[in-house]
Amino acid sequence: MSHYTDALTQLGAKTDLPASPDRAVLERVPNPQAGETYAVRFTQPEFTSLCPITGQPDFAHLVIDYVPGDWLVESKSLKLFLGSFRNHGAFHEDCTVGIGKRLVQAIAPQWLRIGGYWYPRGGMPIDVFWQTGAAPAGLWLPDQGVAGYRGRG
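Residues numbered from 1 in each chain as written. Predicted model: local features only at pLDDT ≥ 70, side-chain atom pairs only at ≥ 80, totals over all residues. Heavy atoms only, no water.

**Observations concerning the side chain of His 61**
You can see His 61 is positioned in strand 4 (residues 57-67). Sequence-distant contacts of His 61, defined by excluding residues within four places in its chain, comprise Thr 43, Gln 44, Pro 45, Gly 115, Gly 116, Tyr 117, Tyr 119 and Val 146. (Helix = DSSP H or I, 4+ residues; strand = E, 2+ residues; numbered from the N terminus. Contact = heavy atoms within 4.5 Å.)

**Remarks on the UniProt feature "binding site: substrate" (unreviewed entry) in the protein chain**
Those residues carrying the UniProt feature "binding site: substrate" (unreviewed entry) are Val 73, Glu 74, Ser 75, His 92 and Glu 93 in this numbering. Inspection of the secondary structure assignment puts Val 73 in strand 5 (residues 71-73). If we skip the residues at most four places from it in the chain, Val 73 touches Leu 26, Glu 27, Arg 28, Phe 42, Tyr 66, Leu 78, Leu 103 and Ile 107. (UniProt positions renumbered as here; feature names shortened; annotations may be inferred.)

**Examining helix 1 (residues 75-83)**
When we look at burial in helix 1, the residues that qualify are Ser 77, Leu 78, Leu 80, Phe 81 and Leu 82. Among the residues of helix 1, the N-terminal cap falls to Glu 74, whose side-chain oxygen and the backbone nitrogen of Lys 76 are separated by 3.0 Å. (Buried < 20%, exposed > 50% of the residue type's maximum accessible area, 1.4 Å probe, protein only. Polar contact = N/O pair within 3.5 Å; in protein donor to acceptor, adjacent residues only side chain to side chain.)

**Here's the deal with the UniProt feature "active site" (unreviewed entry) in the protein chain**
On the UniProt side, "active site" (unreviewed entry) is annotated at positions that read Cys 51 and Asp 58 here. Residue placement: Cys 51 occurs in the loop between strand 3 (40-50) and strand 4. When near neighbours in sequence (up to four residues on either side) are disregarded, Cys 51 contacts Gln 56, Asp 58 and Arg 121. Relative to the helices and strands, Asp 58 is located in strand 4. Discounting chain neighbours no more than four positions away, the residues touching Asp 58 are Phe 47, Thr 48, Ser 49, Leu 50, Cys 51, His 92, Trp 118 and Arg 121.

Structure, rendered in structure tokens:
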């Protein structure tokens, strides 16, 4: 099964939440500003997955920044992909890095980073950061804006 497609089958249609991240399909569209260096940011402040050991829910604030190449990720397909983790058991590190890698596979960006700001498990927050390399020169890239854990309020 391909994990991405150029066909827009989810946008504008009633689409059920995929049963798992492996079943989710990321859709992509051509970048109308290909050749320009600019950043795109997606923020998912209510991301959930399950602890693979206890089955208890885990919560995170995800921030995904990328510099598009020839493709943009279609936002509804990204929301469905992220939502598919709701019943998926995985450690914080696996979720965060896996999301970044799936996006890279689907859209081949010039650059991508993801910050996974996880709420405490066992009294300790676990934050996970991954990127494909150094950001392109001259890129205006704001801070991800998520404070270190102090109630994350």
